[in-house]
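Here are the chains, one letter per residue:
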Amino acid sequence: MATRSAVPTTEPVDIRAQRPAEDGAGSGRRWPVLGAAVALSWALPLLLHTLSLDVVLLPVLVLATASLIRVGGGLLDRLVVAVFLLCGAVMAFGLLFSVWPWGLAPVPGTGLLLSVLSVTGWLAGRRPRIPLRLRGSDALVLGTVAVVWRYFHHPLAGKSTADRLAYFATSEDRMGHFSYFDGIHHLGGYAFLHQEAAKAYMMTPSEAVYPQGYHFLLAWADVLVTSSTDGGSGLDMTHRYLLYVLAGYALLCGVLVWAARWIGGPRLRGWRTAAVCATVAAVMMSGSMAQLVAWGFDSETFGLLFLAVALALLVRPAMGRAEFVLVAVAALVSVTFVYNLYGVLVGITLVAVLVVHRRRFAPHRRLVIGALAVGTLVAGLPSAISVLAELDVSKTSNLAGPMVIPDRPVFIGCGLLALAAASLPLNRRTGTGQMVLALVLGATAVIGLFGAWQKHTIGYYSYYFEKLTAAGLVIALVSLGMVGLMLQPTARTTGSPLRRRAGLLLRSGVATAAALALFGHVQWGVPSGWGHPSAWYDSQMVKWARGEHENDIGPAAKTLTGRDLKGVDSPVIALYGDDSYLNLRATFLAQLLSHRAGTMVGLYEVYHVKIGGPAAVDEKEYQASLGRLKGAIASCPTPPTVLVGDQMAADRLRQDLGRAGSAATVVFAPLK
């Protein structure tokens, strides 16, 4: 969408979308129209729910939103913004859904959302309209999503639901995130608004302190997918959740490609667009960020997804004031609800927008700032509750843990290129160029200050520093849209339209292949030196596709789902062998499959229990493990069932626990 903010100017900038005549005030403000729209808003969800086709409401909501906003001149741009606004609205309205009597029931929730859209469109006097124009680079955005999905879904293809657990349970982080998704599904709302009831589904104090935005969003969408507030068996829910997570990473990669193109704006065209889009796709497909899936950093994945869209739309706010306010509030809510650490970056960007485009907002400054203040209060509510509950911000910020470290050369190099491009006189005089400068410099300051604070307090960079640098990588990649403007545009050629299009397609194809070779290590069939495979085949995404991230919990998962959880209505402690880490994961998985993850408060006591298999254990180690097991049993709200993989170990544990007075049922349960 061409706007005057995309060209050099020193004059006040007004980038409000031009309304067609049919969108004039009052053109659609007839009461029968409103009545019919509201009636249809409730009749359609009721009909689809009767037919168990609630999933159809997802595209209906997206298209309804897209038809009423006036952002982007192409279909893909409009749909991306519509989905972003819808997700923000669902998370915000989730506060209401969590306390009203219908919970996540499909008809009331979607009926309300469609009614809000109907009333909003009627008040604005807008008739539904969606641009159908497509761009050639849309294929790169959608192709990135398709390729990433293909690689990540490949090892799951043809496997049973139970076999797929080996890819679901690749880390405790994912199992923990699933427990939030499961709890919200059963509670019908945010766990932090149902803290006592939520303790049955997740390990306390997670119900109060952890951001739950994307868990709520997935639970709400899952209700529509299944046409029921009953998610079904734990096994089926883990399967659907895993698919949502894989789709989330594929969308993250595609959204980053789109965001870089959006920031480039209407001046980024032709082969330069292909070069920028393919570079972003190559980095995400071949770099370290694909480890987010294997390590179960699902919340970070969705946080980066919403952050990318939010920053792109704020850096180049090519929209009217009403849409800008909606986008800004959606950015605050979605990013902060999903991953509140990244909310700081949205806040910095939003302040920069209000400064850079201050003349544009001057006539309605109070109204705009007032709406953003309300959005900030709503966005900050979950974080405020977590701080008032049990969250120690200082201690949590310095937590240690496994880290997905963004590619430093790419992170630094792309950031420097963005600074170079934005500082050129031609770009520096545009609103977008000024916003890129503010964003890159502001993010650098935030990351640097946080890193300095960690070095001062704990002496090293830990868990959340790398999560913040992942946001820095996102900023660097989307800023490549500005870098693409530094490339020399193709001079307009003569000849037939077919010849011009063929030349454009050829140059775009070469640029795409070059970007994939330079940044994705794709060698296009050229043999590697010394016969080694190319670095592409050593990337994390390709490793996942080859099945190298399949977890060794597979046999335990099959045994749990096929035999040991049938008829058991108590907490389960699974000691299938002497591998304490396997025992921990099997125990955690058993609770998830039974919808009772919160019952194992002493879960990590099991990590120190090294008995259960046939291997001989010296007496000192046995007694230490027994003590830990007693602690885990004592933490359970009801006497647990202890599954033991070896007959002799089961007999001795039964006797020792009986003499100690520990209430537990010990069952011999060999692995299949």
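Residues numbered from 1 in each chain as written. Predicted model: local features only at pLDDT ≥ 70, side-chain atom pairs only at ≥ 80, totals over all residues. Heavy atoms only, no water.

Draft legend 1. A look at the overall build of the chain. For the chain, the count of helices and strands is 30 helices and three strands. By the compact-globule yardstick of 26 Å for 672 residues, the chain fits well, its C-alpha radius of gyration being 27 Å. Viewed in the frame of its principal axes, the chain has a C-alpha envelope of about 85 × 70 × 50 Å. Expressed as a percentage of the 672 residues in the chain, the buried residues total 55%. Across the chain, the fraction of contacts at a sequence separation of at least 24, relative to all contacts at a separation of at least 6, is 78%. With an accessible surface of roughly 27600 Å², the chain has 65% of that area assigned to carbon and sulfur atoms. Treating the 55 positive side-chain charges of the chain as one cloud and the 38 negative ones as another, the clouds have centres 17 Å apart. (Helix = DSSP H or I, 4+ residues; strand = E, 2+ residues; numbered from the N terminus. Rg over C-alpha atoms; globule rule 2.2 N^0.38 Å. Buried < 20%, exposed > 50% of the residue type's maximum accessible area, 1.4 Å probe, protein only. Contact = heavy atoms within 4.5 Å. Areas by Shrake-Rupley, 256 points an atom, 1.4 Å probe, with all protein chains shown as cover. Lys, Arg positive; Asp, Glu negative; His and termini not counted. Charge placed at Lys NZ, Arg CZ, Asp CG, Glu CD.)

Draft legend 2. Quick peek at the environment of G121. Locating G121 in the fold gives a position in helix α4 (residues 106-124). Residues G121 and L34 lie 87 residues apart in sequence; the distance between their C-alpha atoms is 9.1 Å. Apart from residues no more than four positions distant in its own chain, G121 is found in contact with L68 and R126.

Draft legend 3. Examining the side chain of S299 more closely. Locating S299 in the fold gives a position in helix α14 (residues 298-315). Non-local contacts of S299, meaning those with residues more than four positions away in its chain, are made with H177, Y210, Y214, V338 and Y339.

Draft legend 4. Structural context of the packing of aromatic side chains. Considering all chains together, one arrives at 28 aromatic pairs under this definition. A ring pair is formed by W31 and W122, whose centres lie 4.9 Å apart and whose planes are at 45 degrees; its orientation type is tilted. Pair noted here: W31 is in helix α1 (residues 31-50) and W122 is in helix α4, with a separation of 91 residues, a long-range link. For the pair F168 and F178, a centre-to-centre distance of 5.5 Å together with 85 degrees between the ring planes defines the contact as edge-to-face. Of this pair, F168 sits in helix α6 (residues 165-168) while F178 sits in helix α7 (residues 172-187); the two residues are ten residues apart in sequence, bridging distant segments of the chain. Classification of F168 as buried rests on a relative accessible area of 1%. With a relative accessible area of 0%, F178 lands in the buried category. Residue placement shows R360 over the ring face of F324; its charged tip is 5.6 Å from the ring centre. (Phe/Tyr/Trp six-rings, centres within 6.5 Å; stacked < 30°, edge-to-face > 60°. Lys NZ or Arg CZ within 6 Å of the ring centre and 35° of its normal.)

Draft legend 5. The arrangement of a nonpolar patch on the surface in detail. Taken together, the side chains of L47, L51, L53, V55, V56 and V225 define a hydrophobic patch exposed on the protein surface, amounting to about 460 Å² of accessible area. For V56, the position within the fold is in the loop between α1 and α2 (57-68). According to the relative accessible area criterion, V56 is partly exposed, its value standing at 33%. (Patch = residues over 30% accessible without salt bridge, like charges linked within 9 Å, V, L, I, M, F, W, Y side chains within 5 Å. Salt bridge = Lys/Arg side-chain N within 4 Å of Asp/Glu carboxyl O.)

Draft legend 6. Structural view of the environment of F668. Take F668: it is sitting in strand β3 (residues 665-668). Not counting residues within four places of it along the chain, the set of residues in contact with F668 comprises V644, G645, D646, Q647, A650 and R654.

Draft legend 7. Quick look at the pattern of salt bridges. Going through the model one piece at a time under the given rule, you end up with 18 salt bridges. D77 is the salt-bridge partner of R261, the closest N and O atoms lying 3.1 Å from each other. Separated by 184 residues along the polypeptide, R261 in helix α11 (residues 234-264) and D77 in helix α3 (residues 75-97) bring together distant segments of the chain. When salt bridges with common partners are traced through the structure, they connect E619, R652, D656 and R659 into a single cluster.

Draft legend 8. Spotlight on helix α22 (residues 431-457). Over its 27 residues, α22 runs 39 Å from end to end, which matches the ideal 39 Å to within 8%, given 1.5 Å per residue. Two residues or fewer after α22 comes G459, characterised by a positive phi angle close to 90 degrees. (Expected span 1.5 Å × (residues − 1).)

Draft legend 9. Spatial organisation of the nonpolar core. F168, W220, Y249, W258, L304 and F324 are the most contacted members of the largest nonpolar core, which has 196 residues in total. Sorting elements by how many residues they give to this core places α11 first, with 19 residues. W220 has contacts with L58, L61, V90, F97, L104, T110 and L113, leaving out every residue within four places of it along the chain. (Core = buried A, V, L, I, M, F, W, Y, C linked by side-chain atoms within 4.5 Å.)

Draft legend 10. Up close: the pairing of strand β2 (residues 641-644). Here β2 shows no split at all, with T641 and L643 on one side and V642 and V644 on the other all buried. As paired elements, strand β1 (residues 572-575) and β2 share four bridges and run parallel to each other. Pairing of V572 across the sheet is with T641, part of β2. Relative to β3, β2 is paired through four bridges, and the arrangement is parallel. When the sheet's bridge partners are listed, V644 is paired in β3 with F668. (Pairing = 2+ DSSP bridges.)

Draft legend 11. Main features of the environment of V141. Mapped onto the secondary structure, V141 falls in helix α5 (residues 138-153). Judged by relative accessible area, V141 falls into the buried class, the value being 5%. Separated by 22 residues in the primary sequence, V141 and V119 place their C-alpha atoms 33 Å from one another. Setting aside chain neighbours within four positions, we find V141 in contact with L76, G254, V257 and W258.

Draft legend 12. Helix α15 (residues 321-338), seen in detail. Between its first and last C-alpha, α15 extends 25 Å over 18 residues, near the 26 Å set by a 1.5 Å rise per residue. Counting buried positions along α15 yields 15 of 18 residues, so the element is predominantly enclosed.

Draft legend 13. View of the packing of helix α29 (residues 619-635) against helix α30 (residues 647-660). Where α29 meets α30, the axes come as close as 11 Å, and the angle between the chain directions of the two elements is 60 degrees. What the angle tells us is that α29 and α30 run oblique. Crossing hand, α29 versus α30: right-handed. Between α29 and α30, the contacting residues are E619, Y622, Q623, L626, L629, K630 and I633 on the first element and R652, L653, D656, L657 and A660 on the second. (Axes fitted to C-alpha atoms, helices over the stretch in contact; angles between N-to-C directions. Parallel < 35°, antiparallel > 145°, perpendicular 65-115°, else oblique. Left-handed = near helix turned anticlockwise from the far one by under 90°.)

Draft legend 14. Examining the confidence of the model for the chain more closely. Per-residue confidence for the chain gives a mean pLDDT of 90; residues scoring 70 or more make up 94%. Residue range residues 1-22 is modelled with pLDDT below 50. Its contacts to residues more than four positions away, or to other chains, number 50 contacts. Taken together, the stretch residues 24-28 has pLDDT below 50 and engages in seven contacts with residues farther than four places along the chain or on a different chain. (pLDDT = per-residue confidence, 0-100.)

Draft legend 15. Focus on the side chain of H185. In this structure, H185 sits in helix α7. A distance of 2.8 Å separates the side chain of H185 from the side chain of D222, its partner in a polar contact. There is a polar contact of 3.3 Å between the side chain of H185 and the backbone oxygen of T229. (Polar contact = N/O pair within 3.5 Å; in protein donor to acceptor, adjacent residues only side chain to side chain.)

Draft legend 16. How the structure looks around unusual backbone geometry. A cis amide bond links T204 to the next residue, P205, at an omega of 10 degrees. Mapped onto the elements of the fold, P205 is located in the loop between α8 (195-198) and α9 (206-209). The phi dihedral of S52 is positive, around 60 degrees, even though this residue is not glycine. Within the element layout of this structure, S52 appears in the loop between α1 and α2. Residue S52 is classed as partly exposed on the basis of its relative accessible area, which comes to 49%. Non-glycine residue S227 carries a positive phi angle of around 55 degrees. Judged by its relative accessible area of 11%, S227 falls in the buried class.

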